[in-house]
Amino acid sequence: MPHFKLTASPVPSKLSVIDMAESAGLQFVSCFAFEAMQKVDVGRLAALSDPELRLLLPCLVRMALCAPADQSQSWAQDKKLILRLLSGVEAVNSIVALLSVDFHALEQDARKEQQLRHKAGGSNGESILVSQLQHGLTLEFEHSDPLRRLRLTLSELLAIMNKVVDSNGEFFLKSSELFESPVYLDEVADVLCILQAELPSLLPIVDVAEALLHVRNGYWFLCLLVANVPDSFNEVCRGLIKNGERQDEESVGGRRRTEALRQLCQMNPSQALNIRAMVGEECHLPGLGVALTLDYRPDKADEAVSPLVSYVSGLLLGTNSKVRTWFSMFIRNGQQRKRESSSVLWQMRRQLLLELVAILPRSRSTHVPNDGNMEEVSSGYSGLREEHVVKASALLRLYCALMGIAVLRPTDEEAEQLLQLMTSRPPATPAGVRFVSLSFCKLLAFPTLVSTPEQEQLMVMWLSWMIKEEEYFESAAGVSASFGEMLLLVAMYFHSNQLSSIIELVCSTLGMKIAIKPSSLSKMKTIFTQEIFTEQVVTAHAVRVAVTNSLSANITGFLPIHCIYQLLRSRAFTKHKVSIKDWIYRQLCETTTPIHTQLFPLIDAYINSILTPASKANPEATNQPITEQEILNVFQSSAGQGEGSRGGRQHYSITTQLLILYYILSYEENLLASTKQLALMQRKPKSYSAALMDQIPIKYLVTQAQGLQQELGGLHSSLLKLLATNYPHLCLVEDWVCEEEVTGTLPLLRRMMLPSNTCRYTQSQLHQAFQKLPSSSPRLMRILEHLTLLSPGDLISYSEALTASMALLLEPAVPRRILQTLNKLWMGLNTVMPRRLWVMTVNALQPSAKLLGQQQYTQNDLMVDPLIVLRCDQRVYRCPPLMDIVLHMLNGYLLASKAYLHCHLKETADFDRQSQTVSNLGVPGQPETPEVTREELKNALLSAQDSAAVQILLEVCLPTSKEQLQLGAGTQSLLSSIRAPLPGKSKKGSLGPRARGGVEDAEPEGGLLSDLREVQCLICCLLHQMFIADPNIAKLVHFQGYPQALLPLTVAGIPSIHICLDFIPELLAQPQLEKQIFAIQLLSYLCTQYALPKSLSVARLAISVMGTLLTVLTRAKRFSFFMPILPCLVPFCQAFPPLYDDVAGLLVQVGQVCASDVATKARDIDPLIARLQYLKEKPQGAAAPGGDFSKLTLPQRIAEEHGGADPDVQLCYCVEATFMDIISSTLHGL
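All of these numbers come straight from a predicted model, not from anything done at the bench.

A few words on the overall build of the protein. Counting its secondary structure elements, the protein contains 67 helices and two strands. The 1230 residues of the protein split such that 53% are buried. Sequence separation of 24 or more characterises 75% of the internal contacts of the protein that already satisfy a separation of 6 or more. Looking at the protein as shown, the accessible area adds up to about 54,000 Å², and 54% of this sits on carbon and sulfur atoms.

Attention now moves to the pattern of salt bridges. Two side chains with opposite charge may pair up if their charged atoms get near one another. In total, this model carries 27 salt bridges according to the counting rule given. The partner of Lys39 in a salt bridge is Glu35, and the shortest N-O contact between them spans 2.9 Å. Here Lys39 and its partner Glu35 are both found in helix 2 (residues 31–39), four residues apart, which amounts to about one turn of the helix. Taking the relative accessible area as the measure of exposure, Glu35 reaches 28% and is therefore partly exposed. With a shortest N-O distance of 2.5 Å, Asp109 and Arg151 are connected by a salt bridge. On the criterion of sequence distance, the pair formed by Asp109 in helix 8 (residues 103–119) and Arg151 in helix 10 (residues 146–166) is long-range, its members being 42 residues apart. Judged on exposure class, the residue Asp109 and its partner Arg151 are both buried.

Our next topic: the packing of helix 19 (residues 307–317) against helix 20 (residues 321–336). Between two packed helices, both the angle of their axes relative to each other and the distance between the axes serve to describe the pair. At their nearest, the axes of helix 19 and helix 20 sit 7 Å apart, and the two run at 120 degrees to each other. Here helix 19 lies oblique to helix 20, going by the angle between them. Between helix 19 and helix 20, the residues in contact are Val312, Leu315 and Leu316 and Val323, Arg324, Trp326, Phe327 and Ser328, respectively. Across the contact of helix 19 with helix 20, the residue classes tally to six nonpolar, one polar and one charged.

On to the side chain of Asp946. Inspection of the secondary structure puts Asp946 in helix 53 (residues 931–957). A relative accessible area of 2% means that Asp946 is categorised as buried.

Considering the arrangement of structural elements, one finds His284 in the loop between helix 17 (272–282) and helix 18 (286–295). Residue His284 is classed as buried on the basis of its relative accessible area, which comes to 14%. Setting aside anything within four residues of it in sequence, one finds His284 in contact with Ile241, Lys242, Gly244, Glu245, Arg246, Val279 and Trp326.

Time to look at the packing of helix 21 (residues 344–359) against helix 24 (residues 412–422). It is at 10 Å that the axes of helix 21 and helix 24 come closest, and there the two elements cross at 30 degrees. The angle between helix 21 and helix 24 falls in the class roughly parallel. As for the relative orientation of helix 21 and helix 24, their crossing is left-handed in sense. Across the interface between the two elements, Arg349, Arg350, Leu353, Leu356, Val357 and Ile359 of helix 21 pack against Glu413, Glu414, Gln417, Leu418 and Leu421 of helix 24. Residue classes in the contact of helix 21 with helix 24 are distributed as six nonpolar, one polar and four charged.

Within the largest apolar cluster, 378 residues are counted, with the highest numbers of intra-cluster contacts made by Leu264 and Tyr663. With residues near it in sequence (within four places) discarded, Tyr663 still touches Ile603, Tyr606, Ile607, Ile610, Pro625, Ile626, Ile631 and Tyr688.

For the rest of this paragraph, the subject is the confidence of the model for the protein. On average, residues of the protein score 77 in pLDDT, and 78% of them reach the 70 mark or higher. Predicted confidence is poor over residues 364–381, with pLDDT under 50, and the contacts of this stretch with residues over four places away or in other chains come to 22 contacts.

Let us look at the state of the cysteines. Counted under the stated rule, the structure contains zero disulfides. Its sulfur unpaired, Cys265 is 5.4 Å from the next cysteine sulfur, which belongs to Cys237. Unpaired in terms of disulfides, Cys957 finds its nearest cysteine sulfur in Cys1020, a separation of 5.5 Å. Overall, the relative accessible area of 0% leaves Cys957 in the buried class.

Let's shift gears to the packing of aromatic side chains. This model, assessed by the stated rule, comprises 13 aromatic pairs. Judged by centre distance (5.0 Å) and plane angle (80 degrees), the rings of Tyr1042 and Phe1078 are edge-to-face. Placement of Tyr1042 in the loop between helix 57 (1031–1040) and helix 58 (1047–1053) and of Phe1078 in helix 60 (residues 1073–1089) is noted, with a sequence separation of 36 residues between them.

Within the secondary structure, Ala1099 sits in helix 61 (residues 1093–1112). Overall, the relative accessible area of 0% leaves Ala1099 in the buried class. For the pair formed by Ala1099 and Phe1136, sequence separation is 37 residues and the distance between their alpha carbons is 8.9 Å. Once residues within four sequence positions are removed from consideration, Ala1099 is found in contact with Leu1083, Cys1087, Phe1132 and Leu1139.

Another point: unusual backbone geometry. Residue Thr593 is joined to Pro594 through a cis peptide bond whose omega torsion reads -5 degrees. Here Pro594 is to be found in the loop between helix 33 (581–589) and helix 34 (599–611). Even without a glycine there, the phi angle at Ser550 is positive, about 50 degrees. As for its placement among the helices and strands, Ser550 is situated in the loop between helix 30 (535–544) and helix 31 (560–569).

It is worth spelling out the environment of Leu692 at this point. By the element assignment, Leu692 lies in helix 39 (residues 690–694). Setting aside its immediate chain neighbours within four residues, Leu692 contacts Glu628, Ile631 and Leu632.

Our focus in this paragraph is helix 61. End to end, helix 61 covers 29 Å across 20 residues, agreeing with the expected 28 Å (1.5 Å per residue, within 8%). On its buried face, helix 61 sits against helix 59 (1064–1068), helix 60, helix 62 (1115–1125), helix 63 (1129–1135) and helix 64 (1140–1157).

Attention shifts here to helix 10. Compared with an ideal rise of 1.5 Å per residue, which puts 21 residues at 30 Å, helix 10 spans 30 Å between its outermost C-alpha atoms and is within 8% of the ideal. When you tally the buried positions in helix 10, you get 15 out of 21 residues, the bulk of the element. Positioned one or two residues after helix 10, Asn168 has a phi angle of 55 degrees, which is positive.

A contiguous nonpolar patch, built from Phe171, Leu173 and Val252 and spanning about 230 Å² of accessible area, is present on the exposed surface. For Leu173, a relative accessible area of 37% gives the class partly exposed.

Cut-offs used in this document
- Residues numbered from 1 in each chain as written.
- Predicted model: local features only at pLDDT ≥ 70, side-chain atom pairs only at ≥ 80, totals over all residues.
- Heavy atoms only, no water.
- Helix = DSSP H or I, 4+ residues; strand = E, 2+ residues; numbered from the N terminus.
- Buried < 20%, exposed > 50% of the residue type's maximum accessible area, 1.4 Å probe, protein only.
- Contact = heavy atoms within 4.5 Å.
- Areas by Shrake-Rupley, 256 points an atom, 1.4 Å probe, with all protein chains shown as cover.
- Salt bridge = Lys/Arg side-chain N within 4 Å of Asp/Glu carboxyl O.
- Axes fitted to C-alpha atoms, helices over the stretch in contact; angles between N-to-C directions.
- Parallel < 35°, antiparallel > 145°, perpendicular 65-115°, else oblique.
- Nonpolar A, V, L, I, M, F, W, Y, C, P; charged D, E, K, R; others polar.
- Left-handed = near helix turned anticlockwise from the far one by under 90°.
- Core = buried A, V, L, I, M, F, W, Y, C linked by side-chain atoms within 4.5 Å.
- pLDDT = per-residue confidence, 0-100.
- Disulfide = S-S within 2.5 Å.
- Phe/Tyr/Trp six-rings, centres within 6.5 Å; stacked < 30°, edge-to-face > 60°.
- Expected span 1.5 Å × (residues − 1).
- Patch = residues over 30% accessible without salt bridge, like charges linked within 9 Å, V, L, I, M, F, W, Y side chains within 5 Å.

Structure follows, in structure tokens:
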């Protein structure tokens, strides 16, 4: 707790003057005596004078006579000293006599009297304590014994207390002869203290204190009472405050309460701050809080800010709105009364004015020199002293709060001195910069302070000085946010008439919400826009303002970036042909984390000023974009290494690179979005070249931004949004999944175990290990395993060595583990440098026949024609780890091609259409090329591109002739094994391949573990993703068709192929028999794989179509149509037994049609028809013993004998074989 000393009030209160007259000659308890009583310091008590000791006798006598709780030896000694002190005081005898009465009986009588008074309605008729008085109260007290004195005083006190309770808060001053007689004050005080001490339940000290406020000399009695019960100080003060008025200067009672509490605090100054805090908590007696602050000063004065300024500022600028409203009301009400020296408010204002004048420069005056000798006067100007700057800033903020929040109306003297302080010139320190900013904002908030022409000229001179000294202040003070930016910003707001923005700026700088009328700023607007800052001066000055070094969110205040942003929004630079490009570029290069929130709006406004002219009348009035060379300089070290090199961060921070990337991507997107408007204005701003974009490490930067999201604000999400539109191939979901595997916890733990010499292997060592394959396989494996422990960023330097040697891994005898490790490293590099990695990989995997004169493809080549990816060495198609890489690149380039064509169409469409519109003016009947045609052509090209990629991949799934020779008939089984059972196989007890092409039953060992099978799985996964992303690709590919041998693979390996059920009816309706055959074959596999109600309905449709075609096809077409599709009826029946009747009827119908065509032949076909009818009616008969022979041997033998002779005969026996397969499959299922 700080120590305080008592000082006189600047102006004595009228009430205190009255009370001094009332209490003339009375001795108050000193702070020294009260402290001695609080601590029971006998040594200090012995040092007191007799008058001071007389005031404390009631407590000391009780202390000496009553049995103590403290039985220690030290207290026994202290008690002896107290008795020695009391032995020489005559008044002790009377107090001892007072303590000798029966207080229990006295309390009983007092309570009876209270009950009697309560029944009588508060009248003072009868009294149990006091019988009929023969004389006045004073004479009775003089002639009474101790007991009667106690009764007289108690009766009078209870009467006052009852009246206080009945008054309902209305103040009254009771005339009491007992408390007013100066002769008996000491004796009455003794009696009062003894009564309260002995009867605490009857006379609570807080209630007694409240009653004493209503009698004369109440302050003196109250101080004595509390001094004799020092522990009750806080309780009494809190009770008086809680019962006090919200506005103490509004009533006599409030002022008396305030004065009483001031007297108590003078007696105990160490508790003054606590009492003042109680005032704020209860929101009562605001004048008391101010009075206590005026009364007390710390022993060691604070040179920076006075207690009064701190206290009032805390009330008005604190976070408690209730306290702020309460104290503001005190200020408002105080102004309504006439000025009087007794008012605490006027004492406060006088003290504040004295403090303000004390720090004003001594040589200041309101005399304004002519312009001619302004320099001499300025040079001799005595500015604010450095030690006064902080105090001056605090005073300014306090006056702003008083005038803006509490609506204080300054007097002429206050306004004059305030203006003198505001226009003074502080030293070039950070505090000086703050003071100038506050003074400037106060001028804007309260322009009425400038009332005379002389004051206005003084203000203009001060503003001119601000402009001139701003740069010096910024450099000398070492701050980034100076008042020059605020001047520019306000000037720009005035020019654009954004008065509400000026008000927000003022309130933000002052740190308080002030109601400022926009109309009050008209005079300041005129001064700014016509005398100080014309718009042209603003723009020219803004460009010369230095950028903020290491700009980040940690730098607060108003910066040059705020000014430039506002000028960009108002298009002032383009209007006055002032180039701002260089300034913005320099500021972007001077940024760091955490990123400043104003950078994003600045970039967006700059891009808008580049693309959109300031006015239609002058379409060329735009800003210049940042040049490609300037952008390359930011990534200068990464220019040689391509995407992902980290050397560029040596000179430019990652924040700068990310902001430049955001600028480029946002510029390109806005350019595409504005093509229509630009075409109408015949403007075509230049787009950034693809060569530039190839040299920017986009993916690496976005990966870095992901780890810095908290410091970069919303930059990462904005970049992802722009990438999803312009670079979808950099936003692949599988890449994000792979990033989790590369940057997850497990890789991090593995990297933590990495030895310190992380660069143990060089690129040349890696290259040599590749060149010596396969003999160097163990060494290469060690190097690759070591590289897997590195982070993707550290792998960048090895990227060329890894990709350039990929073709060497296609040689035989290369261990599979090396291939898999290379795939893992490639996927890691793909997270930081995908685009350049893809180009290097495509060039490295070109066929070996082209090595001598092979073409080095570029990023643009691959986006224009993504199928280049598949023109790789054929051996890649049987190398699953490398095929995985190729498929990843193909998927990415297909997406990139879509974005590329979309951008190309958007860039050219509006300009071409506008040119055509202009050329067609005046030519009637000239049709315009519909825009939809261009869109359709683009979609057709993309569909052809996608379908070609799918067809090539499906072709890769087919075994080569060499593989067929190696596997023999097992190749068909490799494809067929993907789905079992298959339709048409005649082997007993199982369903196998179709009857027309028998194969070996045994699967060759290792067939399911072959490279072909793994490649097929990888391709099917990609096709599944493509079909999900665009179902139209699946429709187009199946309308084109592909080899029937691949159907088992595609149906089983592509889960999303079930969508073909949607368009198989449309495919069946095609006029080409080949498409109809393909549709039925595809449907047969789909029914087995997806036995759904929808499949059943489509199968019924297919059977119906087959029946219809039977009646319209010629003999030759009938054979070519039904021979390949009759085996498809077997899986129909297998998947959907209810179709058996329809299928059987169709088979019989086909047999009858064929039989009718061969009826004229020599051979007899009737037995065959009879067997078909029998099989239809009694299929169980085919399962009789010996049925196997008739089912297999006979139809096959007859077909072999007559197959080459007549197609109808072959078809008939094929129908019978299909019947037998259906029956066999049905019985096998049972």
